[in-house]
Amino acid sequence: MALRPLRAARRALESMARGPYVALVGAATVFVAVFATGLFAGALGGAERLLAAWAGEVRVSVYLAPGADLERARAAAAALAPGRRVEAVPSEVALSRLADSLGEQAHVLEGVGPGALPDAVEIEAPGLSLEGARELAARLRSVPGADDVDYGTAWLEGVERFVSRARTAAVFLFGALALATAILVSNTLRLAVFARREEIEIMKLVGATDAFVATPFLLEGLLQGLLGAGAAVLALAGVHGLLVPRLAAAVSAARALTLADTLPPALVVALVGGGAGIGLLGSALSVARALRRT
Amino acid sequence: MIQLFHVTKEYPGDGPALQDVSLEIDKGEFVFLTGASGAGKSTLLKLIFCDEPATAGQLLLFGKNVAKISASAIPFVRRNIGVVFQDFKLLANRTVAENVALPLEVRGLAQKEIRRKVRGLLRSVGLEHRADKFPPSLSGGEQQRVAVARALAPDPALLLADEPTGNLDPERTLEVMDLLYGANARGTTVVVATHDRSLLERYKKRVVVLQAGRLLSDGDSVRRAVS
Ligand SMILES: Nc1ncnc2c1ncn2[C@@H]1O[C@H](COP(=O)(O)OP(=O)(O)O)[C@@H](O)[C@H]1O
Ligand SMILES: [Mg+2]
C-alpha cells in the first residue's frame, strides 16, 4: 500500500496537538543544541571578523624624542622591520595629516606650533598577529632616539580580551550545554517512546505496517527540529542585537559587525538543517526502539 | 482456516507454555479455548496472531505456513484478523469513533467511507450516542463493545478474543458475547479464550481445553472435560 504523505502529515499534526508537551520538549531540546552551537559559531565568526579587520591595518608608530635624527631612526627601524613599509614622518607632516584627519575641526589646531608633534617613524605591517605586533613594538624601542612606541593598543587589547573571554565562555557554555542537551535528548526519547508505546502497540494490533507507524513520528521529529532550530536562530539574532552595541562601546571596531558576520546565511542553513536532522534522528531512534519492543 | 501440527511454544528461561498441540479450526466455526490460568490460552492466540513464533511444530494460517511469513508481511496477514482483549486496549486520548476508525485508517480507506462504516459499526454495538466520547468515560461493558466494533471494522475473516469478558459483570458479559456470536452468525470465524464456564454452558459451541500447555480435550462435551 502506498503511504499517503498528506495523511501522515495530518496524523503527525494531530498527535502533536494531542501531546503538545512531548512535542515542546522535543523542540526545546533541539533549541538548546542549536542555540549552543550557533552561539559558539557566531562568537568565533565575530571574533575572527574583528581580528581580520585589525590585521588589515596594523600600524606601529615610533615617536622620537626632540632633537633625534629622523633619518637615522628610519634606517634603524627599517633594519628592525625588514620587508615592511617604513616611512619617516616629520613633525610638520604629522601635523598636516592630523589637520586632514580632523577635517572641519582643523581650526582647533590654530596656533599650534610646528614642533608640537614629535617626529615619528611609521611601520605598516598588514596581516601581523597581535603577538607579532607586540614583539615588533618591543624591538622598535631600541631605535635611536625613540621616545614611545604605539601600536593602537587601546582597542586591540579590547579585542584580545573579548576573544579570550569568548573562548573561555564558549568552552564553559559548550560543556554545560552539551551535558544539558544530552540529558534532554535522552529524556525526550524515553518520553516519546513511553507516551506512544501503547499507541504503537495498538496500531500494530490493527494491522499497521512499521512504515505507517513510523512516518508521522518522523514528520513530527522533523517539525520539532525545524521549530526548535528556527527559534534558536531567532534567539541568536536577538543575542547579536543585544551584545553588539555593548561590545561596540568597549571596542569601536565591533560597530562594523553585522548579522552577516556572526550569523551568516550558510550558518543559518547549517543550524536549521542540523536541527531538522537532530529531530529526525531522535524520532527515528525512538520509534525504532518502540517498534522493536512491540 | 487454522491448523496446528504438534505445536510447542517455550518462552526463554521457562518450561513449555504449549506442548505438542494439534488442532484444526475451520472457516465459520465458533470455538471456545478454555483451561485454568497459565494453561496456555493466551499463548495459543498469540501464535495465531503472529505475535510469537512457535518453538516447534507447524502452524498454518489461511493455508499459509506462519513460520514462512516474513516480518514485513505480518501486518497484511493481521488485516484478516480482529483481536479483542480483556483490557480493551483502546486509545484513551482518541474518541470512540476514532478508535473504531483506526484499522480502517491503517488500510487507507477514504475518510468518507471510514465515517460511514464507523457510524454503522457503532450502531451495531449500540454506542452511536457515545461516538465523540473518550473511552475512559465509558463503562467497562461499553469499552469492550467499542473494542469489538474496532475488531470487526474491517470485516475480518477471523476474530480472536482473549478473555473478552474477564473484566465485566454477567450482564455486560452477555452483551459482548452476543456481539461475537452475531459476528460468527454473519460468517466470521471466532475463537474465544475464556475460563468462564458459564459461557461454555450457555453457548454450547466447540470447546478446546488446555491444561498446562497440553490439549486435554476437544469437542462439545464440556461438562465431562472440565469436571
Ligand atoms: N511473555 C512470556 N514470557 C515468559 N513466559 C510466559 C510469557 N507469557 C506467558 N508465559 C508463561 O506461559 C504459560 C502460559 O501462559 P498463558 O498463555 O498466558 O496462559 P493463559 O492465557 O491460559 O492464562 C504460563 O506459565 C506463563 O507464565
Ligand atoms: Mg491469558
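Residues numbered from 1 in each chain as written. Chains lettered and ligands numbered in written order. Predicted model: local features only at pLDDT ≥ 70, side-chain atom pairs only at ≥ 80, totals over all residues. Heavy atoms only, no water.

J.: Just to check I follow, could you spell out the overall build of chain A for this structure?
T.: Within chain A, the regular secondary structure consists of nine helices and four strands. Relative to all contacts within chain A whose residues are 6 or more apart in sequence, the contacts with residues 24 or more apart total 81%. (Helix = DSSP H or I, 4+ residues; strand = E, 2+ residues; numbered from the N terminus. Contact = heavy atoms within 4.5 Å.)

J.: Just to check I follow, could you spell out the site of ligand 1 for this structure?
T.: Residue and element names in this part refer to chain B. As a matter of local geometry, ligand 1 sits amid Tyr11, Asp14, Ala17, Ala36, Ser37, Gly38, Ala39, Gly40, Lys41, Ser42 and Thr43. Within the side chain of Asp14, one N or O atom sits 3.0 Å away from a nitrogen atom of ligand 1. Between Lys41 and ligand 1, the recorded distance is 2.9 Å, taken from a backbone N or O atom to an oxygen atom. The greatest single-element share of the shell around ligand 1, amounting to three residues, is contributed by helix α1 (residues 41-48). For the shell around ligand 1, the residue count by class is four nonpolar, five polar and two charged. (Near = heavy atom within 4 Å. Polar contact = N/O pair within 3.5 Å; in protein donor to acceptor, adjacent residues only side chain to side chain. Nonpolar A, V, L, I, M, F, W, Y, C, P; charged D, E, K, R; others polar.)

J.: Hey, could you run me through the confidence of the model for chain A in this one?
T.: Atomic detail in the predicted coordinates should be set aside for any region of low pLDDT. Averaged over chain A, the pLDDT score is 81; the fraction of residues at 70 or greater is 87%. No element of chain A has a lower mean pLDDT than helix α6 (residues 153-205) of chain A, at 72, and none a higher one than helix α7 (residues 210-250) of chain A, at 89. (pLDDT = per-residue confidence, 0-100.)

J.: Where do I start with the pattern of salt bridges in this structure?
T.: Between side chains of opposite charge, a pair can form as their charged atoms come close. Counted under the stated rule, the structure contains 26 salt bridges over all chains. Here Asp87(B) and Lys89(B) are joined by a salt bridge, their closest N and O atoms 3.5 Å apart. Exposure remark for Asp87(B): the relative accessible area of 45% places this residue in the partly exposed category. Across the pair Glu128(B) and Arg123(B) runs a salt bridge, and its minimum N-O distance is 3.2 Å. Residue classification places Arg123(B) among the partly exposed positions, given a relative accessible area of 49%. In the salt-bridge network here, residues are joined through shared partners; they are Arg59(A), Arg85(A), Glu87(A), Arg97(A), Glu122(A) and Glu124(A). (Salt bridge = Lys/Arg side-chain N within 4 Å of Asp/Glu carboxyl O. Buried < 20%, exposed > 50% of the residue type's maximum accessible area, 1.4 Å probe, protein only.)

J.: Can you help me understand the interface of chain A and chain B in this one?
T.: Reports often express the size of an interface as the amount of accessible area lost when the parts come together. Listed per partner, the contact involves 17 residues of chain A and 22 residues of chain B. Buried surface at the junction of chain A and chain B, summed over both partners, amounts to about 1900 Å²; 57% is from carbon and sulfur atoms. Contact with chain B buries area across many residues of chain A, yet Arg18(A), Leu205(A) and Val206(A) alone supply 31% of it, more than any other trio. For the pair chain A and chain B, the number of links is three salt bridges. Note that Arg94(B) is salt-bridged to Glu199(A), the shortest N-O span being 2.8 Å. The interface formed by chain A and chain B includes six residue pairs in polar contact (both at pLDDT 80 or more). Only α1 (5-18) and α6 of chain A provide two or more residues apiece to the side of chain A that touches chain B. Take the side of chain A that touches chain B: its biggest share by element is seven residues, from α6(A). Partitioned by chemical class, the residues of the side of chain A that touches chain B number seven nonpolar, two polar and eight charged. (Buried area = accessible area lost by both parts, 1.4 Å probe.)

J.: Would you explain the environment of Ser22(B) in this entry?
T.: Residues and elements named next belong to chain B. Topologically, Ser22 is positioned in strand β2 (residues 16-25). Residues Ser22 and Leu215, spaced 193 residues apart in sequence, show a C-alpha to C-alpha distance of 7.7 Å. The residues touching Ser22, leaving out its near neighbours within four places in the chain, are Leu4, Phe5, His6 and Leu215. Engagement of the side chain of Ser22 in a polar contact is seen with the backbone nitrogen of His6, the distance being 2.8 Å.

J.: How do you make sense of a nonpolar patch on the surface when you look at a structure like this?
T.: All names here are of chain A. Together, Leu13, Leu223, Leu226 and Leu227 make up a nonpolar patch on the protein surface, roughly 350 Å² of accessible area in all. With three residues, α7 is the largest single contributor of residues to the nonpolar patch. As for its position among the elements, Leu227 is in helix α7. Under the relative-accessibility criterion, Leu227 is labelled exposed at 53%. (Patch = residues over 30% accessible without salt bridge, like charges linked within 9 Å, V, L, I, M, F, W, Y side chains within 5 Å. Areas by Shrake-Rupley, 256 points an atom, 1.4 Å probe, with all protein chains shown as cover.)

J.: What am I meant to see in the packing of aromatic side chains here?
T.: Both the distance between ring centres and the angle between the ring planes are used here to describe each pair of aromatic rings. One pass over the full model with this rule turns up five aromatic pairs over all chains. Plain terms: the ring middles of Tyr181(B) and Tyr203(B) are 5.2 Å apart, the flat faces sit at 45° to each other, and that makes the pair tilted. Here Tyr203(B) lies in helix α7 (residues 197-203) and Tyr181(B) lies in helix α6 (residues 170-185), a separation of 22 residues in the sequence. On the basis of relative accessibility, which here comes to 8%, the residue Tyr203(B) falls in the buried class. Counting every residue linked through ring pairs, the aromatic cluster contains Phe30(B), Phe32(B), Tyr181(B) and Tyr203(B). One residue, Arg11(A), lies across the ring of Phe212(A), its end atom 3.6 Å from the ring centre. Sitting above the plane of the Tyr203(B) ring, Arg202(B) keeps its charged end 5.9 Å from the centroid. (Phe/Tyr/Trp six-rings, centres within 6.5 Å; stacked < 30°, edge-to-face > 60°. Lys NZ or Arg CZ within 6 Å of the ring centre and 35° of its normal.)

J.: Help me understand the sheet that holds strand β1 (residues 2-10) of chain B in this model?
T.: Within a sheet, neighbouring strands are paired by backbone hydrogen bonds and run either parallel or antiparallel to one another. Residues and elements named next belong to chain B. Taking strand neighbours across the sheet as the criterion, the four strands line up as β2-β1-β4-β5 in an open arrangement whose pairing is antiparallel. Both edges of this open sheet fall to β2 and β5 (64-65), since each of them pairs with a single strand only. Inspection of the sheet shows strand β4 (residues 56-61) paired to β5 by two bridges, in the antiparallel sense. Note that in β5 the partner of Leu60 across the bridge is Asn65. (Pairing = 2+ DSSP bridges.)

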